[in-house]
Amino acid sequence: MPRKKSKPPVSVALLKKLMPAFGVVVLVILLVVGWQSRSGIGLWMQNSVARMVDARVKEVLVSGTKYTEAEALKTALGLELGSPLVGFDVRAAKERVELLPWVRDVSLSKRLPSTVKVDITEYMPIARLRDETEGEIYVISKSGHSIVPATEEFDALPLLSGRGAAPQAASLFLLLQDYANFSAQLVAAEYIGERRWNLQFAGGLMVKLPAEDAARGLALLQQLEEQRPVSYTHLTLPTKRIV
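Rules used throughout
- Residues numbered from 1 in each chain as written.
- Predicted model: local features only at pLDDT ≥ 70, side-chain atom pairs only at ≥ 80, totals over all residues.
- Heavy atoms only, no water.
- Pairing = 2+ DSSP bridges.
- Helix = DSSP H or I, 4+ residues; strand = E, 2+ residues; numbered from the N terminus.
- Phe/Tyr/Trp six-rings, centres within 6.5 Å; stacked < 30°, edge-to-face > 60°.
- 1 Å grid on protein atoms, 1.4 Å probe; cavity = no way out; pocket = protein on both sides within 12 Å on 5 of 7 lines; lining within 4 Å.
- Points joined across faces, edges and corners; volume = space filled by probe spheres on them.
- Nonpolar A, V, L, I, M, F, W, Y, C, P; charged D, E, K, R; others polar.
- pLDDT = per-residue confidence, 0-100.
- Contact = heavy atoms within 4.5 Å.
- Axes fitted to C-alpha atoms, helices over the stretch in contact; angles between N-to-C directions.
- Left-handed = near helix turned anticlockwise from the far one by under 90°.
- Salt bridge = Lys/Arg side-chain N within 4 Å of Asp/Glu carboxyl O.
- Buried < 20%, exposed > 50% of the residue type's maximum accessible area, 1.4 Å probe, protein only.
- Core = buried A, V, L, I, M, F, W, Y, C linked by side-chain atoms within 4.5 Å.

**Some remarks on the pairing of strand 5 (residues 137–140)**
Link 1 in the chain: Taken together, the four bridges between strand 4 (residues 127–130) and strand 5 define a ladder with antiparallel strand orientation. Bridged to Leu-129 within strand 5 is Tyr-138.
Link 2 in the chain: Here strand 4 folds back onto strand 5 in antiparallel fashion, the turn holding six residues, of which Gly-135 has a positive phi close to 80°.

Rendered as structure tokens:
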């Protein structure tokens, strides 16, 4: 009985032809499954893919920065163009970037084959604060968070002072947000007796807000300004005023 002819083994040449396509399939699978994952397995897959393609940094895409210095950010990231993405610790880099003074929040990711993406949310400077202990003046955010020592760049921001002013800054600006004309003209605000504010406006207007119902005081001031154009030198609200 004649023996059946066995199928010839796959030729080496054919294997060489299939290898690139096979490699692409593997790469796509790893990208979809692993690169999007934030688990330990996902990170392992990321490094595996990075090794396969010899992934190196060719661009760092940064968004959301206005005040953060480029050199300080570069140092915090710990990356240079051409650096391998294998072993780049995204979590550790994120923690370092979060320590930069202007950074309120950051999202950091690496994307094959050669990109690191950094999305930053910065603190918004809204005023300056004179530190009652040190005497230094700092730029602060709306919440009263001290960001950096104030420079000439921020001289146009209103200056807050007085013991306890920093934690009360948020409530002050919340109060002023309904009075855009007052907010825009605010030059200085002094927190008195850890109870109330004295407000200094452009043009010399001084407003002594009461400890209770400060919003009513500002409402009264606005009503007076709407009635007739006047120039105030001193005003105590809400019960007494000197024009």
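Moving on, there is more to tell.
**Quick word on the packing of aromatic side chains**
Link 1 in the chain: For the structure on display, the rule yields six aromatic pairs.
Link 2 in the chain: Ring geometry for Tyr-191 against Trp-197: centres 4.7 Å apart, planes inclined by 45°, an arrangement best described as tilted.
Link 3 in the chain: Through a chain of ring-to-ring contacts, the aromatic side chains of Tyr-67, Trp-102 and Phe-154 assemble into a single cluster.

**Re the layout of surface pockets**
Link 1 in the chain: If you add up the space inside the second largest pocket, you get close to 160 Å³.
Link 2 in the chain: Split into classes, the residues belonging to the lining of the second largest pocket amount to eight nonpolar, two polar and two charged.

**Notes on the confidence of the model for the protein**
Link 1 in the chain: Here the protein averages 78 in pLDDT, while 71% of its residues score no lower than 70.
Link 2 in the chain: In the model, residues 8–19 has pLDDT below 50 throughout and makes one contact with residues more than four positions away in sequence or in other chains.
Link 3 in the chain: Within the model, the stretch residues 21–44 combines pLDDT values under 50 with 23 contacts to residues more than four positions away or in other chains.

**Describing the pairing of strand 3 (residues 115–122)**
Link 1 in the chain: Here five bridges tie strand 1 (residues 59–63) to strand 3, and the two strands are oriented parallel to one another. Following the sheet pairing, Leu-61 is matched in strand 3 by Lys-117.
Link 2 in the chain: Where strand 2 (residues 103–111) meets strand 3, eight bridges bridge the pair, whose relative direction is antiparallel. When the sheet's bridge partners are listed, Ser-107 is paired in strand 3 with Asp-119.

**Some thoughts on the packing of helix 3 (residues 70–77) against helix 4 (residues 90–98)**
Link 1 in the chain: In contact at an axis separation of 8 Å, helix 3 and helix 4 are set at 145° when each is read in the N-to-C sense. Viewed along their axes, helix 3 and helix 4 form a crossing whose handedness is right-handed. Here helix 3 contributes Leu-73, Ala-76 and Leu-77 to the contact with helix 4, which in turn contributes Ala-93, Arg-96 and Val-97.

**Some details on the pattern of salt bridges**
Link 1 in the chain: In the structure shown here, the tally under the stated rule is three salt bridges.
Link 2 in the chain: Here Lys-74 ties to Glu-80 by a salt bridge, and the two come within 3.4 Å at their closest N and O atoms.
Link 3 in the chain: With relative accessibility at 35%, the residue Lys-74 sits in the partly exposed group.
Link 4 in the chain: As a salt-bridge pair, Glu-98 and Lys-94 come within 2.5 Å of each other at their nearest N and O atoms. Separated by four residues within a single helix, Glu-98 and Lys-94 lie in helix 4, roughly one turn from each other.

**Concerning the sheet that holds strand 3**
Link 1 in the chain: Strand order in this open sheet of three strands is 1-3-2, and the pairing throughout is mixed. The sheet is open, and its two borders are formed by strand 1 and strand 2, each paired with just one other strand. Between one strand and the next, the sheet's axes are offset by a mean angle of 15°, whatever the strand orientation.
Link 2 in the chain: Here helix 4 sits on the sheet in contact with strand 2 and strand 3, set at roughly 155° to strand 2.

**Regarding the environment of Phe-201**
Link 1 in the chain: With respect to the element layout, Phe-201 can be found in strand 9 (residues 196–201).
Link 2 in the chain: On the basis of relative accessible area, Phe-201 is assigned to the buried category, the value being 2%.
Link 3 in the chain: Taking the C-alpha atoms as reference points, Phe-201 and Ala-188, 13 residues apart in sequence, are found 6.9 Å from one another.
Link 4 in the chain: Ignoring anything within four residues of it in the chain, the contact list for Phe-201 reads Phe-182, Gln-185, Leu-186, Val-187 and Val-207.

**Re the nonpolar core**
Link 1 in the chain: Grouped together as the largest cluster of nonpolar side chains are 25 residues, with contacts concentrated most on Leu-160, Leu-176, Trp-197, Leu-199 and Leu-209.
Link 2 in the chain: Counting residues per element, the ones that place at least two in this core are strand 4, helix 5 (165–176), strand 8 (186–192), strand 9 and helix 7 (214–227).
Link 3 in the chain: Top element by residues in this core is helix 5. It accounts for seven residues.
Link 4 in the chain: Setting aside anything within four residues of it in sequence, one finds Trp-197 in contact with Leu-160, Ser-161, Ala-165, Gln-168, Ala-169, Leu-172, Ala-189, Glu-190, Tyr-191, Val-207, Lys-208 and Leu-209.
Link 5 in the chain: Core analysis: the next-biggest nonpolar cluster, separate from the first, contains 19 residues, Leu-79, Leu-85, Leu-100 and Val-116 among them.

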